[in-house]
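# What the coordinates show
What follows is the residue order along each chain.
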Amino acid sequence: MTTTAGPPAVPGAQSSSVPLREPAGGRARRLLRAVPPIWLVLAAVILLIAWRNPTFVEPAPFLAFLRRCAPLAVLAAGQVFVIIAGEFDLSVGALVTAVVVVAARLSDGEAAHTWWLIPLLLAAGALVGLVNGLVTTRLRVPSFIATLGMLLVLSGAVFLWSGGAPRGSLADNFRQFGRFGVDLPGLGQLPYAVLTLAAVGVGLWLLLSHSRFGHQVYAAGGNPRAAALSGVDVRRVRTTAFVLSGLSAVVAGILLGGFTGVTAEAGAGYEFQAIAAVVLGGAVLGGGRGSVGASVAGALTLQAVFTLLNLLGLAKSLRDAVQGLIIIGAAAYAAHRLRRSG
């Protein structure tokens, strides 16, 4: 029996069991590839804004920018659950408007009403999400149609409630969540809206990325049949995702009402901006892919792009066109990445 000799030993050579040190450049490229692309895009847009307006990156203006972004970012953090689960929620913009109008009418400027009004609004948001989920999963109505119908129902109810012109006013302690903050020496005021965004974002991130329910959301959107065969209650998971989306819309409405005041158009277009933010964050519109952190970054990027357009002096009417192009481009890029990874 013959044997094949291996290569001759080289005197002084290290054992193959000793790992080779990775070059610094390779390590940096590997870490860079691990960062979701949307964060790099956000950094690039902020640098462009700072180039046009250097004061933008100072603490006070930048925190004011984050305060403006907070309602959309909270909305996107809830919307991503629905999209990962393989559905849509087009009712969130109308729900935001309903929160502002109903809060003004019921509060009528009375501070004592705020503390029972906020739980009532959260319960109403959960109910709207529950109805969306049940209609979608039990009656098998496509979520696009079900939530579009809910959008029309809420819009009509708000119009009947307000007669086309919202009445009442928001109490100061209700508006404080969107208007005021904590004074920090040398940094100005840290808005309550930013603190709320941080709390909601971290909570939903932990729920999606570090809980059994979060894994079930990915499974329900990625392959619902396989998920059902493995014991996942797909209908319950998707309904819960709609409830979380409804709750996030209420929080966004509270923040937006505090920032802008009472208007019958408070949440107009926010449903499409939330979807755009989630898609910008890399979520796939078929389900199974996405993250809370990247969706929040998508919301920040979208608002930063609008800020940059204003600085460049472009017409505000271009926002819808730019938003549509962003959705198409981000969806195409996400689909391309999905094909390559598959």
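Note that the structure is a prediction, hence the values are computed from the model and not measured.

### A look at the overall build of the chain
Scanning the chain from terminus to terminus reveals 14 helices and two strands. Within the span of the chain, comprising 342 residues, buried residues form 43% of the whole. For the chain, contacts bridging at least 24 residues in sequence account for 78% of all contacts bridging at least 6. In the form shown here, the chain has an accessible surface area of approximately 17,400 Å², with 65% of it arising from carbon and sulfur atoms.

### Quick look at the side chain of S248
With respect to the helices and strands, the residue S248 is situated in helix α11 (residues 234-260). Classification of S248 as buried rests on a relative accessible area of 5%. Apart from residues no more than four positions distant in its own chain, S248 is found in contact with V74, L75 and G78.

### A closer look at the packing of aromatic side chains
Applying the stated criterion across every chain yields a total of five aromatic pairs. Between the aromatic rings of F56 and F62, the centroid separation amounts to 5.8 Å while the plane-to-plane angle is 85°, which identifies the pairing as edge-to-face. By relative accessible area, which is 6% here, F56 ends up buried. Cluster of aromatic residues (ring-pair linked, three or more members): F56, F62 and F65. One residue, R52, lies across the ring of W51, its end atom 6.0 Å from the ring centre. Against the face of W161 rests R105, its NZ or CZ located 5.1 Å from the ring centre.

### Comments concerning helix α13 (residues 292-311)
Think of an α-helix as 3.6 residues a turn; residues three or four steps apart then line up on the same face. With 20 residues, α13 should cover 28 Å at 1.5 Å per step; its first-to-last C-alpha distance of 29 Å lies within 8% of that length. Of all 20 residues making up α13, 17 are buried, and the element is well covered by its neighbours. One or two steps after α13, the chain reaches G313, where phi turns positive at roughly 80°.

### With respect to the pairing of strand β2 (residues 188-191)
Residues in a regular strand project their side chains so that they alternate between the two faces of the sheet. Examined bridge by bridge, strand β1 (residues 181-184) and β2 share four bridges and lie antiparallel to one another. Counterpart to D183 in the pairing with β2 is Q189.

### A few points about the nonpolar core
Counting residues in each nonpolar core, the largest one holds 78 residues, and the members touching the most others are L75, F81, V217, V292, V296 and L302. Of all the elements, helix α3 (residues 59-84) adds the most residues to this core, at 16 residues. Every residue in contact with V296, bar those within four places of it in the chain, is listed here: A73, A77 and L197. In terms of nonpolar packing, the next biggest core, distinct from the first, is built from eleven residues, A103, L121, F174 and V250 among them.

### What to know about unusual backbone geometry
Phi at D108 is positive, roughly 50°, even though this residue is not glycine. Mapped onto the secondary structure, D108 falls in the loop between α4 (92-107) and α5 (114-137).

### Here we look at α11
The first and last C-alpha atoms of α11 sit 38 Å apart over 27 residues, in line with the 39 Å expected at 1.5 Å per residue. For α11, the tally of buried residues reaches 21 of 27 residues, placing the bulk of the element in the interior. At the C-terminal side of α11, G261 shows a positive phi close to 90°.

### Some details on the environment of H215
As for its position among the elements, H215 is in helix α9 (residues 212-222). Note: C-alpha distance between H215 and G288 (73 residues apart in sequence) is 9.8 Å. Not counting the four nearest positions on each side in its chain, H215 is found in contact with L208 and S209.

### Some details on the side chain of T307
Inspection of the secondary structure assignment puts T307 in helix α13. Aside from chain neighbours lying at most four places away, what touches T307 is I49, F65 and R68.

### Quick word on the UniProt feature "transmembrane region" (unreviewed entry) in the chain
In this structure's numbering, the residues bearing the UniProt feature "transmembrane region" (unreviewed entry) are residues 31-51, 63-83, 90-107, 113-134, 141-161, 190-208, 241-262 and 292-315. Here residues 113-134 runs as 95% helix and 0% strand, with 31 Å between its end C-alpha atoms. Helix makes up 91% of residues 241-262 and strand 0%, with an end-to-end C-alpha separation of 28 Å.

### Thoughts on a nonpolar patch on the surface
Together, L127, L130, V131 and L134 give the surface a local cluster of nonpolar side chains, amounting to about 300 Å² of exposed area. For L127, a relative accessible area of 51% gives the class exposed.

### Brief notes about the environment of R68
Position of R68 among the secondary structure elements: in helix α3. When the C-alpha atoms of R68 and Q303 are compared, they prove to be 8.2 Å apart, with 235 residues separating the residues in sequence. Apart from residues lying up to four places away in sequence, R68 is in contact with F259 and T307.

What counts as what
Residues numbered from 1 in each chain as written. Predicted model: local features only at pLDDT ≥ 70, side-chain atom pairs only at ≥ 80, totals over all residues. Heavy atoms only, no water. Helix = DSSP H or I, 4+ residues; strand = E, 2+ residues; numbered from the N terminus. Buried < 20%, exposed > 50% of the residue type's maximum accessible area, 1.4 Å probe, protein only. Contact = heavy atoms within 4.5 Å. Areas by Shrake-Rupley, 256 points an atom, 1.4 Å probe, with all protein chains shown as cover. Phe/Tyr/Trp six-rings, centres within 6.5 Å; stacked < 30°, edge-to-face > 60°. Lys NZ or Arg CZ within 6 Å of the ring centre and 35° of its normal. Expected span 1.5 Å × (residues − 1). Pairing = 2+ DSSP bridges. Core = buried A, V, L, I, M, F, W, Y, C linked by side-chain atoms within 4.5 Å. UniProt positions renumbered as here; feature names shortened; annotations may be inferred. Patch = residues over 30% accessible without salt bridge, like charges linked within 9 Å, V, L, I, M, F, W, Y side chains within 5 Å. Salt bridge = Lys/Arg side-chain N within 4 Å of Asp/Glu carboxyl O.

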